[in-house]
Amino acid sequence: MIYAPHTLHVKRTEIKRDEYNRPVSSEDIWKEVCKCRCDDNNTQHFQTEEGRVYRPQYHIVCPRNIDVRPGEMIKVTNGDVLRGEGKVYNVKVLNFLDYAEIWV
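About the criteria used
- Along each chain, the written sequence defines residue order, and numbers are assigned to residues from 1.
- Residue-level local features of this predicted model are given only where pLDDT is at least 70; pairs of side-chain atoms are given and counted only at 80 or more, and the full residue set underlies all totals for whole chains, interfaces and linings.
- The basis for every side-chain value is the complete set of non-hydrogen atoms in the structure, without hydrogens or water.
- Between Lys or Arg on one side and Asp or Glu on the other, a salt bridge is scored when a side-chain nitrogen of the former is within 4 Å of a carboxyl oxygen of the latter.
- In this description a helix means any DSSP run of H or I spanning at least four residues, a strand means any run of E spanning at least two, and both kinds are numbered starting from the N terminus.
- The buried label applies to any residue whose accessible area, calculated with a 1.4 Å probe on protein chains only, is under 20% of its type's maximum; exposed applies above 50%, and partly exposed to all values in between.

In this section: the pattern of salt bridges. The tally for this structure, following the rule as stated, stands at eight salt bridges. In this structure, Asp 67 engages Arg 12 in a salt bridge whose closest nitrogen and oxygen atoms are separated by 3.6 Å. Taken as a pair, Asp 67 in the loop between β5 (58–63) and β6 (73–78) and Arg 12 in strand β1 (residues 6–17) lie far apart in primary sequence, 55 residues in all. Salt-bridge contacts for Glu 27 lead to Lys 16; the nearest nitrogen and oxygen are separated by 3.7 Å. With Glu 27 in strand β2 (residues 23–40) and Lys 16 in strand β1, the pair connects residues that are eleven residues apart, well separated along the chain. In this structure Lys 16 comes out as partly exposed when scored by relative accessible area, which is 41%.

Below, the structure written as structure tokens:
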């Protein structure tokens, strides 16, 4: 991508284990994924099979080799400033072009 002024972060749960590989505790951390571009969305909406209409707040464009799935919590920052945050609704990966679209 030529224009990627923001940074994408994904909330992951890290499980700490003892010497016998038993889970001891868990902790939510924000993992930095990639550089991206985050735009406000005010026109496009999606309709589910049940007929519900969903209008996402943000449209994020990033490189296509990302590990983000629908239902995960993400945030986009511009330096130290929070640009947007929310639950991923849809992830689209393009075939020919080398980027993906995330709708939050």
